Each structure stands twice: as C-alpha cells, then as structure tokens.
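A structural walkthrough
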Amino acid sequence: MSAAAIHITPVPRYLADRSSPEDEHYVFAYTITIDNQSDETVTLISRRWLITDANGKRIEVEGSGVVGEQPTIAAGDTYTYTSGVSLETPVGVMEGFYLLRHHDGSEFEASIAPFRLAQPNLIN
C-alpha cells in the first residue's frame, strides 16, 4: 500500500475568543480527518509539523501519536481529531506528515499538504 491511499483533510478555524491580537497572540484550531482508503489497517505512530508564521518564524513539532492517542484506522474507516496552535501573526501555514505502521510492522509516511491559518476578514 502507498501513502496515496491515506487521505488527510485539514479544516482550520480562527478562535477569536482565545486570541489577543493586541498581544500578537492568534489561536487557531484545526480538525484533521484521516481517511484510510486502502485495504489494510494502519496505526498512526507519530506526527511531525512545520508551522510558519507571517514573519517567517518556523516551529517544528514532533511527537507520538495525535492528541494523546495512537489510533488504529481500519481499512475504509476514518479518524478525526481536533487540536490547536497559536501564532504571533494573524496568518500562517502548517504542513507535515504522519508516520503510520502496517500490521506487519512496516512503516510509511503520509504527507499533510500545506494549509493556511488565517484570521478571517483580515483583508477587506
């Protein structure tokens, strides 16, 4: 199976009630849906994010699983979770990959295409 059989869909949103633009603190939530379109069960082992704000500041985040879990996603199933990130600018970009493991122990990376974090109505 190739990583192409794992479809990752991010849906970001700005959290105005948790942000303080006057303090250069912008909070975003993102909901990720991982769709296993393969015919094999996989387990999400770890993640790696590269987060870049509008000033070019880059933050790398690595860790085991997602939101405290290492979910097993059966063939044809989806797994959805929500997490968050804060930036010093009202716009940023996230991208990265998940490390997934087959039941036979082999591992592969599923890339997460860049997606934009943006305070709404920033440009009128």
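A brief structural summary. (Residues numbered from 1 in each chain as written. Predicted model: local features only at pLDDT ≥ 70, side-chain atom pairs only at ≥ 80, totals over all residues. Heavy atoms only, no water.)

As for the nonpolar core
In terms of nonpolar packing, the biggest core is built from 26 residues, with I32, I34, W49, Y81 and Y98 touching the most fellow members. Only β1 (6-14), β2 (26-36), β3 (42-53), β6 (78-87), β7 (91-102) and β8 (107-118) provide two or more residues apiece to this core. Discounting residues that sit within four places of it in the chain, I34 has contacts with I6, H7, L44, I73, D77, T78, Y79, Y81 and Y98. (Core = buried A, V, L, I, M, F, W, Y, C linked by side-chain atoms within 4.5 Å. Buried < 20%, exposed > 50% of the residue type's maximum accessible area, 1.4 Å probe, protein only. Helix = DSSP H or I, 4+ residues; strand = E, 2+ residues; numbered from the N terminus. Contact = heavy atoms within 4.5 Å.)

Observations regarding the side chain of S19
By secondary structure assignment, the location of S19 is in the loop between β1 and β2. In terms of polar contacts, S19 uses its side chain to reach the backbone amide nitrogen of V27, at 2.8 Å. Not counting residues up to four positions away in its chain, the partners in contact with S19 are Y14, H25, Y26 and V27. (Polar contact = N/O pair within 3.5 Å; in protein donor to acceptor, adjacent residues only side chain to side chain.)

Points about the environment of G56
Structurally, the position occupied by G56 is in the loop between β3 and β4 (58-64). Taking relative accessible area as the criterion, G56 reaches 42% and is therefore assigned partly exposed. Put simply, G56 and V93 are 37 residues apart on the chain and 9.9 Å apart in space, counted from C-alpha to C-alpha.

Any functional reading would require information beyond the geometric quantities listed.
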